[in-house]
Amino acid sequence: MRITPVLAAAFGLAFASGPVHAAPVAATWAGAWGYAPADAGPTEELLPPGTYRYRVRLTQGGSAIQATFSNAEGDAPLALTAATIASPLTNRGTEIAPQTVHALTFSGKPGAALPKGQALMSDPLTIPLTNGQDVIVSVTFSTPTRAPQTNLGIEMAFSPASSAAVFQTIQARSWLSLVSVRAAQAPCTVVAFGDSITDGFDSLSAETRGWPGRLAERMAPLAPNRRCSVVNMGISGNRVLRQGRGMSALDRFWRDVASVPNVTHVIFLEGINDIGAGSDEGADAVKPEELIHGYRQFVARAHALGIKVIGATMTPALHAGYMSPMKEKTRVAVNSAIRNRNIFDGVVDFEAAVRDPAKPSDLRREFDPGDHLHPNDAGLRAMGDAVDLRMLTPVR
């Protein structure tokens, strides 16, 4: 359970007489949306100065909002000159409704430097927000930027500084890494942590973003004292033990989990990239016990902060391009350990939700988009539906 400071009374301390009244419950900051930073390779396009817009679906309502922009894995300092939050004009896209624009500030100023390797959090902005609401976050840079490419469905638009605010949709990873809200009730916050299957590879809508978005949809109608917000911190190509796309899962725990306000649970789905990128045999082969050790290390980090970790079985991938029968044996062995070795505080069996009953090492045909690795929209929906909400009860 989450760690809470304990106040101890000293000997001889006198207590006032009279009736005791419970103190009012203070509002809590909680993560409402996330997009983990990833490295931008030197071959990726250098984007000119200008304004970038992101459409964000909040998984928690509240009375104030903060935005965090990250240059954690960038290759150069950035100059952030302005940022705003507004309501969208339509049900899709990043066009802004007139008269809804609110400026964000940074220590009271409209902009700030964003050094290489750093993150920048805005001041709180007091505005009413509802669970499931879409907002448009805009950020303007006066320096060239190099954003990692992505084939994910996030809504992102760009307008060069030299244009008359003519926006075009682009494929690039967001500098916006976290949106938090101040909520009267925020009993639990779930971080969905993983690789491309969590990130939302070619899947569902820009707002839903894969199985974590489907989980948030299921949470939405629950009573406020039972509803968890959901923060997606998947990175396509990420690994548990070594750097893949972005730093390893063990290294990025502190940045992408511990930094999320009010985090109480993590749903952890990683390991297939470790297995697939390794060899069948020899020193470069990833053995089941190595991954299991990595899982235990991740859980130890979380437990030190009072965070529960729900382990997810890896989905079938035998015929994916980087897999083999030997690697498939490793995946099966690790999944068995996830189910049976009490590594995690709970288990969600994503493999069972999407595997072909006749060929368990493959995705069900209706869930396979053709790459035999990433479940399609229907498969991701089935994964989101497979999470037992009873595992996500408030832990305080």
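Scroll up a little and you will see the structure.
This write-up is about the structure you can find in this document. (Residues numbered from 1 in each chain as written. Predicted model: local features only at pLDDT ≥ 70, side-chain atom pairs only at ≥ 80, totals over all residues. Heavy atoms only, no water.)

## With respect to the state of the cysteines
With the rule as written, the count across this model stands at one disulfide. Disulfide pairing is shown between cysteine 188 and cysteine 228; the S-S distance is 2.0 Å. As the torsion about the S-S bond is roughly -90 degrees, the cysteine 188-cysteine 228 disulfide counts as left-handed. Of this pair, cysteine 188 sits in strand 15 (residues 188-194) while cysteine 228 is found in strand 16 (residues 228-234), placing the two residues 40 residues apart along the sequence. The pair cysteine 188 / cysteine 228 is uniform in exposure class, with both members buried. (Disulfide = S-S within 2.5 Å. Helix = DSSP H or I, 4+ residues; strand = E, 2+ residues; numbered from the N terminus. Buried < 20%, exposed > 50% of the residue type's maximum accessible area, 1.4 Å probe, protein only.)

## Regarding the side chain of arginine 301
Note on placement: arginine 301 falls in helix 5 (residues 288-303). Setting aside residues up to four positions removed in sequence, arginine 301 forms contacts with Leu250, Phe253 and Trp254. (Contact = heavy atoms within 4.5 Å.)

## Observations regarding the packing of aromatic side chains
Tallied over the full model, the rule gives 15 aromatic pairs. With 4.9 Å between their ring centres and 65 degrees between their planes, tyrosine 52 and tryptophan 175 make a pair best called edge-to-face. Of this pair, tyrosine 52 sits in strand 3 (residues 50-57) while tryptophan 175 is found in the loop between strand 13 (168-169) and strand 14 (176-183), placing the two residues 123 residues apart along the sequence. Each member of the pair, tyrosine 52 together with tryptophan 175, is buried. A ring pair is formed by phenylalanine 253 and phenylalanine 298, whose centres lie 5.3 Å apart and whose planes are at 85 degrees; its orientation type is edge-to-face. Placement of phenylalanine 253 in helix 3 (residues 249-256) and of phenylalanine 298 in helix 5 is noted, with a sequence separation of 45 residues between them. By the burial criterion, phenylalanine 253 is buried, and phenylalanine 298 matches it. Taken together, Phe193, Phe253, Trp254, Phe268, Tyr295, Phe298 and Phe344 form an aromatic cluster joined through their ring pairs. One Lys or Arg, arginine 53, reaches over the ring of phenylalanine 167 and ends 3.7 Å from the middle of that ring. Across from the ring centre of phenylalanine 193, 3.9 Å away, lies the NZ or CZ of arginine 252, which sits over that ring. (Phe/Tyr/Trp six-rings, centres within 6.5 Å; stacked < 30°, edge-to-face > 60°. Lys NZ or Arg CZ within 6 Å of the ring centre and 35° of its normal.)

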